[in-house]
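Reading the structure
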Amino acid sequence: MRPSELTRYRFSGRWTLSAAPGAVYRTLERVDAYPRWWPEVRRAVRTGEASGQVLVRSLLPYDLRLDIRAVRHEPAAGVLQAELSGDLRGWMRWTVRAAGTGTLVLHDQDTVLAKPVLRLLGVPGRPLLRANHALMMRGGRRGLEAFLAGGGEAV
């Protein structure tokens, strides 16, 4: 196994939301507004037309700094995909679909730990890092559902 495989993390998740797909998509495409509804996203700033910097922190006492660059933006298909660099390298994708009267959101991520201190923790800390990610995603789903139910939409 290559060393990079030891620090590689793949995640997939599903969120079922009661809001309309268009509202969900418009909110997800505004990464700079994530701190308004996602508690674990501590800071997000736009650095260009299709790029930004994000600071995230979940349960573990460590901030992840990420540079995000949109590589796929397809509203008709409900797809948002970005390249990640910084403390993690790789990609993440949102896929937004109608599901009954609400929305199904699929989240896929494939990353490698890039920062040396994270790489050291990549193997022994794998269960903690995976649990930390799961908590962050749970916070995001709950936050987005509450934000949209309260009439909020990133515009």
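It should be noted that the structure appears before, not after, this text.
Heads up: these notes are all about the structure in this document. What you see is a predicted model, and the numbers here were worked out from it, not measured in a lab.

1. Remarks on the side chain of His133
Mapped onto the fold, His133 is located in helix H4 (residues 126–149). In this structure His133 comes out as buried when scored by relative accessible area, which is 14%. Excluding its chain neighbours within four sequence positions, the residues that come into contact with His133 are Phe11, His107 and Gln109.

2. Considering the pattern of salt bridges
Taken as a whole, this structure holds 10 salt bridges when the rule is applied. The salt bridge involving Arg8 is made with Asp110; its shortest N-O contact spans 2.5 Å. Here Arg8, found in strand S1 (residues 8–17), pairs with Asp110, found in strand S7 (residues 102–113); they are 102 residues apart in sequence, far enough to count as distant. Looking at Arg8, the relative accessible area reads 25%, which means it is partly exposed. Arg46 is the salt-bridge partner of Asp32, the closest N and O atoms lying 3.7 Å from each other. Taken together, the residues span a long stretch of sequence, with Asp32 in the loop between helix H2 (21–28) and strand S2 (41–48) and Arg46 in strand S2 at a distance of 14 residues.

3. A word on the environment of Glu5
For Glu5, the location among the structural elements is in helix H1 (residues 3–6). Take Glu5: its relative accessible area is 26%, and that puts it in the partly exposed class. Taking C-alpha positions, Glu5 is 15 Å from Lys115, a pair spaced 110 residues apart along the chain. Leaving out residues up to four positions away in the same chain, Glu5 has contacts with Arg10 and Arg126. Separated by 3.1 Å, the side chains of Glu5 and Arg8 make a polar contact.

Reading the values: the criteria
- Residues numbered from 1 in each chain as written.
- Predicted model: local features only at pLDDT ≥ 70, side-chain atom pairs only at ≥ 80, totals over all residues.
- Heavy atoms only, no water.
- Helix = DSSP H or I, 4+ residues; strand = E, 2+ residues; numbered from the N terminus.
- Buried < 20%, exposed > 50% of the residue type's maximum accessible area, 1.4 Å probe, protein only.
- Contact = heavy atoms within 4.5 Å.
- Salt bridge = Lys/Arg side-chain N within 4 Å of Asp/Glu carboxyl O.
- Polar contact = N/O pair within 3.5 Å; in protein donor to acceptor, adjacent residues only side chain to side chain.

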